[in-house]
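This is what each chain is made of:
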Amino acid sequence: MTVTLRAATADDIAAVGRLHQRSRVAAYSSILPPEALADPTPEAMAEYWTLRWSYEQADHRMTVAEQDGTLVGFSYLGPDDEDDPDTGLLNAIHLEPAERGHGVGRALMIDALAAMGRRGWRRAVLWVLRDNAHARRFYERGGWRRTGLERDETVGRFPVRQLRYTRDLMQGRAPC
(Lines give C-alpha, C1' and ligand atoms only; values in the text may rest on other atoms or scores of the structure.)
Protein backbone atom coordinates (compact mmCIF):
# COMPACT_ATOMS: atom_id res chain seq x y z
CA MET A 1 0.00 0.00 0.00
CA THR A 2 1.16 3.50 -0.79
CA VAL A 3 1.46 6.18 1.86
CA THR A 4 0.64 9.73 0.82
CA LEU A 5 1.91 12.77 2.68
CA ARG A 6 0.04 16.06 2.58
CA ALA A 7 -0.39 19.24 4.57
CA ALA A 8 -2.93 18.86 7.34
CA THR A 9 -6.19 20.76 7.13
CA ALA A 10 -8.52 21.85 9.91
CA ASP A 11 -10.64 18.78 9.14
CA ASP A 12 -7.71 16.50 10.10
CA ILE A 13 -6.89 17.93 13.49
CA ALA A 14 -9.33 16.02 15.71
CA ALA A 15 -8.31 12.72 14.08
CA VAL A 16 -4.66 13.68 14.62
CA GLY A 17 -5.36 14.11 18.33
CA ARG A 18 -6.98 10.69 18.62
CA LEU A 19 -4.11 9.08 16.68
CA HIS A 20 -1.62 10.88 18.94
CA GLN A 21 -3.24 9.32 22.00
CA ARG A 22 -3.11 5.80 20.51
CA SER A 23 0.50 6.33 19.48
CA ARG A 24 1.68 7.58 22.86
CA VAL A 25 -0.05 4.73 24.71
CA ALA A 26 1.69 2.20 22.47
CA ALA A 27 5.07 3.96 22.61
CA TYR A 28 5.10 4.67 26.35
CA SER A 29 3.33 1.59 27.75
CA SER A 30 6.64 -0.06 28.67
CA ILE A 31 7.93 3.19 30.22
CA LEU A 32 4.99 4.54 32.20
CA PRO A 33 2.23 3.01 34.31
CA PRO A 34 -1.24 2.67 32.73
CA GLU A 35 -2.68 5.49 34.85
CA ALA A 36 -0.19 7.90 33.27
CA LEU A 37 -1.49 7.01 29.83
CA ALA A 38 -5.21 6.93 30.59
CA ASP A 39 -5.41 10.71 30.54
CA PRO A 40 -5.87 12.57 28.35
CA THR A 41 -8.54 10.54 26.63
CA PRO A 42 -8.55 10.40 22.82
CA GLU A 43 -11.33 13.00 22.82
CA ALA A 44 -9.38 15.31 25.13
CA MET A 45 -6.29 14.93 22.95
CA ALA A 46 -8.42 15.86 19.91
CA GLU A 47 -9.54 19.02 21.76
CA TYR A 48 -5.94 19.78 22.74
CA TRP A 49 -4.75 19.59 19.12
CA THR A 50 -7.70 21.62 17.86
CA LEU A 51 -6.84 24.41 20.30
CA ARG A 52 -3.08 24.17 19.72
CA TRP A 53 -3.51 24.23 15.95
CA SER A 54 -5.72 27.31 16.18
CA TYR A 55 -2.85 29.20 17.87
CA GLU A 56 0.14 27.75 16.02
CA GLN A 57 -0.90 27.12 12.44
CA ALA A 58 0.64 30.39 11.20
CA ASP A 59 4.20 29.37 12.10
CA HIS A 60 3.98 25.58 12.48
CA ARG A 61 3.57 22.86 9.89
CA MET A 62 1.63 19.64 10.29
CA THR A 63 1.89 16.89 7.71
CA VAL A 64 -0.40 13.88 7.72
CA ALA A 65 0.33 10.47 6.29
CA GLU A 66 -2.57 8.63 4.71
CA GLN A 67 -2.92 5.11 3.46
CA ASP A 68 -5.95 4.41 1.31
CA GLY A 69 -7.58 7.57 2.67
CA THR A 70 -6.97 6.63 6.32
CA LEU A 71 -4.78 8.72 8.62
CA VAL A 72 -1.79 6.61 9.71
CA GLY A 73 0.64 9.22 11.02
CA PHE A 74 1.60 12.86 11.33
CA SER A 75 4.55 15.15 11.93
CA TYR A 76 4.54 18.58 13.50
CA LEU A 77 7.30 21.17 13.32
CA GLY A 78 7.84 24.79 14.15
CA PRO A 79 10.31 27.34 15.46
CA ASP A 80 12.90 26.37 18.04
CA ASP A 81 11.67 26.33 21.63
CA GLU A 82 14.85 28.18 22.67
CA ASP A 83 14.28 31.00 20.14
CA ASP A 84 17.28 30.24 17.93
CA PRO A 85 16.28 31.71 14.53
CA ASP A 86 18.54 29.21 12.70
CA THR A 87 16.86 26.20 14.30
CA GLY A 88 13.56 24.41 13.81
CA LEU A 89 11.93 22.09 16.33
CA LEU A 90 10.50 18.74 15.30
CA ASN A 91 7.70 18.64 17.85
CA ALA A 92 6.28 15.26 16.94
CA ILE A 93 6.18 12.24 14.70
CA HIS A 94 3.39 9.88 15.70
CA LEU A 95 2.06 6.79 13.95
CA GLU A 96 -0.75 4.34 14.27
CA PRO A 97 0.87 1.61 16.36
CA ALA A 98 0.50 -0.99 13.58
CA GLU A 99 2.50 1.25 11.22
CA ARG A 100 5.71 1.20 13.26
CA GLY A 101 8.55 -0.28 11.25
CA HIS A 102 6.85 0.09 7.85
CA GLY A 103 8.55 3.29 6.64
CA VAL A 104 5.80 5.81 7.47
CA GLY A 105 7.84 7.45 10.22
CA ARG A 106 10.90 7.65 8.00
CA ALA A 107 8.86 9.27 5.22
CA LEU A 108 7.49 11.81 7.70
CA MET A 109 11.00 12.53 9.04
CA ILE A 110 12.45 13.05 5.55
CA ASP A 111 9.57 15.36 4.69
CA ALA A 112 9.93 17.34 7.94
CA LEU A 113 13.68 17.80 7.52
CA ALA A 114 13.22 18.98 3.93
CA ALA A 115 10.51 21.44 5.05
CA MET A 116 12.79 22.78 7.77
CA GLY A 117 15.55 23.31 5.24
CA ARG A 118 13.15 25.15 2.92
CA ARG A 119 12.31 27.48 5.81
CA GLY A 120 15.98 28.41 6.00
CA TRP A 121 16.73 26.69 9.27
CA ARG A 122 20.29 25.40 9.46
CA ARG A 123 19.62 22.76 12.09
CA ALA A 124 16.77 20.80 13.59
CA VAL A 125 16.23 19.78 17.21
CA LEU A 126 13.78 17.56 19.06
CA TRP A 127 13.09 16.21 22.53
CA VAL A 128 12.61 12.48 23.16
CA LEU A 129 11.91 10.51 26.32
CA ARG A 130 15.19 9.12 27.65
CA ASP A 131 13.64 5.71 28.20
CA ASN A 132 12.01 5.49 24.76
CA ALA A 133 14.73 3.31 23.23
CA HIS A 134 12.71 2.63 20.07
CA ALA A 135 12.31 6.34 19.26
CA ARG A 136 15.92 7.10 20.13
CA ARG A 137 17.13 4.38 17.72
CA PHE A 138 14.77 5.72 15.02
CA TYR A 139 16.16 9.25 15.31
CA GLU A 140 19.78 8.12 15.59
CA ARG A 141 19.41 6.06 12.39
CA GLY A 142 18.11 9.27 10.80
CA GLY A 143 21.29 11.17 11.63
CA TRP A 144 20.19 12.82 14.88
CA ARG A 145 22.71 13.15 17.74
CA ARG A 146 22.31 13.96 21.42
CA THR A 147 23.20 17.50 22.42
CA GLY A 148 23.80 16.71 26.08
CA LEU A 149 20.83 18.82 27.19
CA GLU A 150 18.19 17.12 29.32
CA ARG A 151 14.98 18.25 30.97
CA ASP A 152 12.30 16.87 33.25
CA GLU A 153 8.69 16.92 32.06
CA THR A 154 5.58 15.08 33.15
CA VAL A 155 3.26 12.68 31.42
CA GLY A 156 0.10 12.83 33.46
CA ARG A 157 1.44 13.12 37.00
CA PHE A 158 4.55 11.07 36.26
CA PRO A 159 7.99 12.64 35.78
CA VAL A 160 9.95 11.71 32.67
CA ARG A 161 13.41 12.67 31.57
CA GLN A 162 13.78 14.01 28.04
CA LEU A 163 16.93 14.23 25.95
CA ARG A 164 17.55 16.87 23.29
CA TYR A 165 18.75 15.73 19.88
CA THR A 166 20.01 17.79 16.96
CA ARG A 167 20.59 17.32 13.26
CA ASP A 168 22.41 19.55 10.80
CA LEU A 169 20.18 20.56 7.90
CA MET A 170 23.00 21.95 5.77
CA GLN A 171 24.88 18.69 5.16
CA GLY A 172 24.40 18.76 1.39
CA ARG A 173 22.97 15.25 1.31
CA ALA A 174 19.65 13.52 1.58
CA PRO A 175 17.94 14.17 4.95
CA CYS A 176 18.23 10.52 6.10
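Conventions used here
Residues numbered from 1 in each chain as written. Predicted model: local features only at pLDDT ≥ 70, side-chain atom pairs only at ≥ 80, totals over all residues. Heavy atoms only, no water. Phe/Tyr/Trp six-rings, centres within 6.5 Å; stacked < 30°, edge-to-face > 60°. Buried < 20%, exposed > 50% of the residue type's maximum accessible area, 1.4 Å probe, protein only. Helix = DSSP H or I, 4+ residues; strand = E, 2+ residues; numbered from the N terminus. Expected span 1.5 Å × (residues − 1). Pairing = 2+ DSSP bridges. Salt bridge = Lys/Arg side-chain N within 4 Å of Asp/Glu carboxyl O.

So what exactly am I meant to see when it comes to the packing of aromatic side chains here?
Remark: the centre distance and the inter-plane angle together describe each pair of aromatic rings, the angle taken between the planes. As enumerated under the stated definition, the model contains 6 aromatic pairs in all. Taken together, a centroid distance of 5.6 Å and an interplanar angle of 80° make the contact between Tyr48 and Trp49 edge-to-face. Its relative accessible area of 1% is what places Trp49 among the buried residues. Clustering of aromatic rings is evident, with ring pairs tying together Tyr48, Trp49, Trp53, Phe74 and Tyr76.

Would you explain helix 1 (residues 13-28) in this entry?
The periodicity of an α-helix, 3.6 residues per turn, causes residues three or four places apart in sequence to face the same way. Compared with an ideal rise of 1.5 Å per residue, which puts 16 residues at 22 Å, helix 1 spans 22 Å between its outermost C-alpha atoms and is within 8% of the ideal. Listing the buried residues of helix 1 in full gives Ile13, Val16, Gly17, Leu19, His20, Gln21, Ser23, Arg24, Ala27 and Tyr28.

I tried to follow the pairing of strand 7 (residues 158-168) on my own but got confused; where do I start?
Two faces make up the sheet, and in a regular strand the side chains alternate between them. Pairing analysis gives 7 bridges linking strand 5 (residues 123-129) to strand 7, with the strands arranged antiparallel. For Trp127, the partnering residue across the bridge sits in strand 7 and is Arg164. Note: strand 6 (residues 145-155) against strand 7, 8 bridges, orientation antiparallel. Opposite Val155, over in strand 7, you have Phe158 as the bridge partner. With antiparallel pairing between neighbouring strands as the criterion, strand 6 and strand 7 make up a hairpin whose turn holds 2 residues, including Gly156 at a positive phi of roughly 65°.

Is there a simple way to think about the pattern of salt bridges in this case?
Pairs can form between side chains of opposite charge whenever their charged atoms are close. According to the stated counting rule, one finds 13 salt bridges in the structure shown. Taking the shortest distance from any N to any O, the salt bridge between Glu150 and Arg146 comes out at 3.2 Å. Note on Glu150: relative accessible area 35%, which makes it partly exposed. A salt bridge links Glu153 to Arg151; its shortest N-O distance comes to 3.6 Å. Residue Glu153 is classed as partly exposed on the basis of its relative accessible area, which comes to 35%. Judged by its relative accessible area of 26%, Arg151 is partly exposed. Each of Asp80, Asp81, Arg151, Glu153 and Arg164 takes part in salt bridges that share partners, so that together they form one network.

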